[in-house]
Structure formats: structure tokens, C-alpha cells
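# Chain and residue survey
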Amino acid sequence: MAWQMRGRGYEAQQYDEIIKSAWSNYQHIGEIEENELRSDIIDSWVISKDFGVNPMQNTLNDILADSELMDRKKVNQLYLSYARKQIQGIQKLSDASNVVLSIVEKNGIILESVGTSNMLRQAEASNIHAGGIWSEQSAGTNAIGIALRTGRPAQVLFSEHYCLGAHDWYCMSFPILAPITRELIGIINIASNVNLIKDYAVGHVIVEASNLARSIENHFYEQTLQDHLYARKAIEVLDEVVLSVDLSKQIVSKNNYAMIHQVFQHIDTIEASVHLNSLVEEVFQTKREITNEIINEQNQLYQVNMYPVFLQYELNGVVVFIKEDKQALPNAKQINTPYHTKDEPFRYSFANMIGTSIAFSYAKDQAEKAAKIPLTLMLLGETGTGKDVFAQSIHQAGERGSGPFIAVNSAAMPESLLESELFGYEAGTFTGGNTNGKKGKFEAADQGTIFLDEIGDMPLSIQAHLLRILEERSVTRIGSNHPILIDVRVIAATNKNLEDEIMKGNFREDLYYRLHVIKIDIPPLRDRKDDIPLLATSFIHQLSHLFEKEEVTISREVMQCLQSYHWPGNIRELKNMLQQAMFHLDGNVLEVNHLPTVLKPNIHSAIEDEKSMIVMQLEKQHGNVLKAAKAMGVSRATMYRRINKYNILL
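My aim in this report is to walk through the structure given alongside it, one point at a time. Starting afresh in each chain, residues are numbered from 1 along the sequence in its written order. Selection of residues for local features in this predicted model requires a pLDDT of at least 70, selection of side-chain atom pairs for listing and counting requires 80 or more, and totals for whole chains, interfaces and linings are taken over all residues. Just so you know, side-chain values use all the structure's heavy atoms and leave hydrogens and water out.

## Re unusual backbone geometry
You will see that Gln447, though not glycine, has its phi angle at about 70°, which is positive. Positive phi, close to 55°, is recorded for Arg473, a residue that is not glycine.

## Quick word on helix α16 (residues 460–472)
This is how the line gets drawn: Helix numbering and strand numbering both begin at the N terminus, where a helix is a DSSP run of H or I of at least 4 residues and a strand a DSSP run of E of at least 2. Helix span, as expected, comes to 1.5 Å for every residue beyond the first. Throughout this description, buried means an accessible area under 20% of the type-specific maximum (1.4 Å probe, protein chains only), exposed means over 50%, and partly exposed covers the range between. Directions pointing from the helix axis toward each C-beta atom define the arc.
For α16, built from 13 residues, the straight-helix expectation of 18 Å at 1.5 Å per residue is met to within 8% by its first-to-last C-alpha distance of 19 Å. Along α16, the residues classified as buried are Ile462, Gln463, Leu466, Leu467, Ile469 and Leu470. Along the long axis of α16, the arc covered by the buried residues comes to 160°, so they all point the same way. Looking one or two residues past α16, Arg473 carries a phi angle of roughly 55°, positive in sign.

## Side note on helix α8 (residues 143–150)
To keep it simple, the criterion reads: N or O atoms within 3.5 Å of each other form a polar contact, as long as, within protein, one can give a hydrogen and the other can take it, and as long as residues adjacent in sequence are counted only when both atoms are side-chain atoms.
Of all 8 residues in α8, 6 are buried; the element is thus mostly enclosed. Three or more residues of α8 are buried, namely Ala143, Ile144, Gly145, Ile146, Ala147 and Thr150. Taking the backbone nitrogen of Ile144 as reference, a side-chain oxygen 3.0 Å away marks Asn142 as the first, capping residue of α8. Phi for Gly151, located one or two positions after α8, is positive at around 75°.

## Topic: the pairing of strand β16 (residues 489–494)
Here is the rule we go by: Each pair of strands is called paired provided DSSP finds at least two bridges between the two strands.
Counting buried positions along β16 yields 6 of 6 residues, so the element is predominantly enclosed. Side chains of β16 alternate between two faces, with Arg489, Ile491 and Ala493 and Val490, Ala492 and Thr494 buried alike. Here 4 bridges tie strand β11 (residues 377–380) to β16, and the two strands are oriented parallel to one another. The residue of β16 that forms the bridge with Leu380 is Thr494.

## Focus: the nonpolar core
Here is the rule: We define a nonpolar core as any set of buried Ala, Val, Leu, Ile, Met, Phe, Trp, Tyr and Cys residues linked to one another through side-chain atoms lying within 4.5 Å. Contacts were defined at the residue level, with two residues in contact if any of their heavy atoms lie within 4.5 Å.
Counting residues in each nonpolar core, the largest one holds 65 residues, and the members touching the most others are Trp45, Tyr79, Leu101, Ile188, Ile190 and Ile216. Those residues within four positions of Ile216 in sequence are excluded, and the remaining contacts are Tyr79, Tyr82, Ala83, Ile176 and Ile188. Leu380, Ile462, Ile469 and Leu470 belong to the second-largest nonpolar core, a separate cluster that totals 29 residues.

## Remarks on the sheet that holds strand β5 (residues 184–193)
Put simply, the rule is: Each axis is a line fitted through C-alpha atoms, taken for helices only over the stretch in contact, and angles between the N-to-C directions span 0 to 180 degrees.
The strand order across the open sheet formed by 5 strands is β2-β1-β5-β4-β3, and the pairing between neighbours is antiparallel. If you trace the sheet from one side to the other, it starts and ends with β2 (110–114) and β3 (154–157), each paired once. On average, each strand axis in the sheet is inclined to that of its neighbour by 15°, with strand direction left out of account. As judged from the 9 bridges shared by strand β4 (residues 169–177) and β5, these two strands associate in the antiparallel manner.

## Remarks on the pattern of salt bridges
Note the following rule: By salt bridge we mean one thing: a side-chain nitrogen of Lys or Arg within 4 Å of a carboxyl oxygen of Asp or Glu.
Scanning all chains against the criterion turns up 18 salt bridges. Glu281 is the partner of Lys249 in a salt bridge, and the nearest nitrogen-oxygen pair spans 2.5 Å. With Lys249 in the loop between β6 (241–245) and β7 (251–254) and Glu281 in helix α11 (residues 274–286), this residue pair connects regions lying 32 residues apart in the sequence. Taking relative accessible area as the criterion, Glu281 reaches 24% and is therefore assigned partly exposed. Each of Arg38, Asp40 and Glu160 takes part in a single network of salt bridges with overlapping partners.

By themselves, these observations are geometric and do not establish any function.
Here it is in C-alpha cells:
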């Protein structure tokens, strides 16, 4: 039977009695006996508890209104129309088995259910009906919720459900994945009440439901192949790079030209390119195409076009076209990250800043205050502290938030290119330049903000031009004598001590005082170590999809190592270190052995810190292991393992 656990030999009732005991134990004392439960159920119980789901709830908290359900059905019209036809073929079998068969969309919303009138009434009482949202966040542990999170078939047996109201139900879910990108399209779910289930027939329904999910998946694949067969042939003969990118930013296909291109043949994820990643992120947010952007990869300028791909009216990925830019200025070494126009959203805001430490909170409060005052601003901070995050957040929160935000890295371009990028040039000024001339970044930032990053590296000749712009509020293109009035807020940033640079003759004193109207110091990571757990957890969540991992957790020893390190490269270095660790990760728990070598000197101190903490808690709880474990937020079994590991005497 489907509910007989392999190798255990328990019938449904016997197995359920054991699970009921484990469930009650978890709800009352927070312990899970790992040998009694499947790992996917343990994971889901913990996730449900973290979401704050009420284990005693009998009904769903989240049910769509009729109008909202109609909207979801319209979005999923293609999926629904084919699923309905296929379900008709097995409905008699599902009726005979007393099973409710549901068509579920990718957010866990049941779109439609079929079954006998008696079964549908039973299901209705438990919210297994159209409009019910069966994510783990809404309903706790259930087959639909687990399949949503993992993208794999899931089975939940009676008391394995997190919420008491579902303990009489058996359910099994089969996800349907999109062609090429493998994004979730929907789920076929079967469910039956323990009092009504018919043993002899339910196994056949499970097989047919699985076949149904595969049939729908194949239908989408065939439709995609049919729609794009000729387009694919056309793409293959192009003399430019074509990349298909899914929602996790993995490159799922390349055309022939890309496969042999010296730069792009080696990349498997769009995040390998800072500039491409920035553009893809904007397509994801705006769901609009991006055309004629210029980026730099390995000292070569490229023209980039990106087009969003939709499946059932929802974003499914991006197609990227890349070709060498023939109009670009010669000898370019690097170009700034593509900037935002007033119609495009921003990557960063105060709302998604991570950190609660005193040093960071003070800097953030100062930045929020500065956002309301339209004065020139200087951001001071070491490399990797997030000066660009602060600049974008200040712009977005200010009165110019609806205007353009233009970012320029003063250290990233040679003087000749930086000058033309900032101030623009008239037609005929440069051989190989744009025949119509070019608007500079200051003109493009009119009515908005220009962010001058690494201004301490700006050449003295350009500093003089910048000072004149700040004084006169106008810019003159190279090759022109006609000033153009502009209204721009300037945010400058540097990791250098500009007063020292003035003494060395590398920075103009008069420009320093023009830029130094409001100053904000952004703390290095070593001064905000309390924020490392929040930052590390956020980065691991972002990186899990990149490395095809499920929910990855960070061991206490690793977190202690991270908080013991001095982080000369700040937040950027933290993210890079975690990327390296994720590359070496085999399971789903980040351990000390996965960390880069540079962090290894911190391992001994981290171990000693944990050992001391365990001893302290045991002394505080008078040797009570269970109470000490609860105080440290671990299970009793984990506490015993660590006591043995460190040879601590009880």
C-alpha cells in the first residue's frame, strides 16, 4: 500500500499511532525523534513551525475570493484546459477509490477538484477545494506544500500533516515542470479521508495521477517545441551569442555561436557576469525587454538585448542576445554597470537592507534622514561595505525617486573614456564615436541622481570639470561651447581618506568641500558582527538555487567561524566565501569543512566557544540536558552528540 513505509511493515493505523505520538511530542516539548519520521516530514514540520502556522488549526487561513480565483484560472487557462481533458479519463477510477483529485497551480492554489459528491463534501470541510491555498506557510506540512518547495513528488500520511485538522487525510502530489527552464507550472494532487479510503483501488489512482502529471508536462514540451522549432533554426545561424536563462539565472541553453565563443562558452550562470546579471535582474523586475545596452566583458564591449519569456502569462525566463559593439569608443577597459531610467525599478531600497546592529542602524538612520534633504552627499566606507546599496536607497526614498539614477565608477575607466561618459560629446568629436554625438551621464541624470563611486580615483583634470558643474549647475559636452542646464543631485563615494589625498596633491580641496556637504560613514563588517547571521542566512537562501540545493542551513560552528573572522573585504567577501563553501557542500548543512582555507584559523576558537557555551548551559540547568538543549535551540539528540564530541562529563 502507498501508506506502508518500506522496510517498516506497519499498516496505516499502526504507523499513524506512532506519528501521532511524535507529533504530540513535537508540539509540547519541541523535540523530534528522527528515527520515527521521514526526513522530508521533519524538514516540513520545522519549516511550518518557523512560519508560525497554528498546529491546532482545522481550516485554512488563506482562501481566495471568487474574483481572485477567476483571475488565477485565466492565467492558467492553457494548463487547465489540457488537465481537464486528461482528468476525464481517470475520473471513474478516482470516484471508485473515494479520492479527490485536484488541479493545483504553482502557488499552491487549488484551481479545480473532482470526485464523488460525498468526497467533495468531506474535502470542502477541510478546505480541499478551489481557492484553497495549500502552501506550507498557509497550511503547514502537506503534500502540495512540500512539492511546491522541492519540485519533487511528495506524500503525507495522516498525522504527518502539521495541522490537526488534516490528520484524517492522506495526500500525494505530483509536480508539473516547464520545458527547458524546469520551473514549476502546477501540481496534480490526490487526497482521501482515512475513514473513506478504499485500499484496493487507491494504488491505481496514484499511478494514473503520476502519469497524468507527466502527460501534461509532455504536452507543454511538445507545444514549446512546435512553437519554437523554426525560431531555433533561425537562432542557430546568427553570428551572435544567444543564451536562454531561467528564473534561477541558470543558462539552460546556448546557440552554436555561444558554444564556441571565447568568453561566453564557459559561463553556466548569468551571475558569472556582473553586468549581465544586473540587466537580467531588471528584466525579472520590470517584465519588459531591454535593448541596445552596452556592457564590458574581458576588455571587449558588447551590445546586449534581452527579452522576457512568458508561459501562461507569467515570466518563465529571459532570452539574451549579445554581439560585439561596433560603435563603441576604442581602448575601453570597463564600462559602468547599466544605469536605471526613471521608468525602471531599483535593485536596492531601505526596506531590503539587512542588519540590526547599532553601527549599521545608525548609518541607515542617517541615510534615511539624508534622503529627505536634496543636498550633495558623501558616502565613506571600505570596499565591499555596500556604498552602492546606500546610494540607490537614498535616491529611491527621496523626492527624486521617480527620476533616473545614474551610477558611474570613477576607477573603472581610463581618463579619456570617463570624460566622454560623464560630459558627453558632440557629433564628429571622436573617430568611431556616435555620428549623432552622445549625451553624457550628467545629462542623463537630469531631474534625478548621479552616483560617483570611487571618486577618490577620479583624475585631477576631470575633477576640475566636475567642480564647474557643481558650481554652475550646467554641463558642456566635449567639442561644444554651449552649456546645458541640469538639475542633478550628486552622491559621491570613496574608500579613501580624501584629506590624505589632498595632502598628496591627488584631490582638489575645493571639490572636497563641495562634495562634503553631508557625510555618512558606512561601518565595515567587523564593526557589525551581530549582523553576520542575518547576512549569511540571506546569502545562503539566494545561493541555494544557484547550486541546486534545497533549504540549506548553517551549522553553529560555521556561524561562529564567520563571526570570528575580521572580514577585510566586508560584505562582498562574506558572500564570496559563502559561494565557495556552497560549491564544496554535499548535503544541506554547511559545516566547517566546507569553508575556505582563509577561515580555518577561526575553527579552533569557534569550537572552543561552542564547548564553553555547552558547559555553561549545562551548569546553568544543573546538568539537565533537555533544558540546556532548549536554551541553545537544538534537539536533545544534537546536544548529546556535541557532549560526546567534546568529551564533556555530565
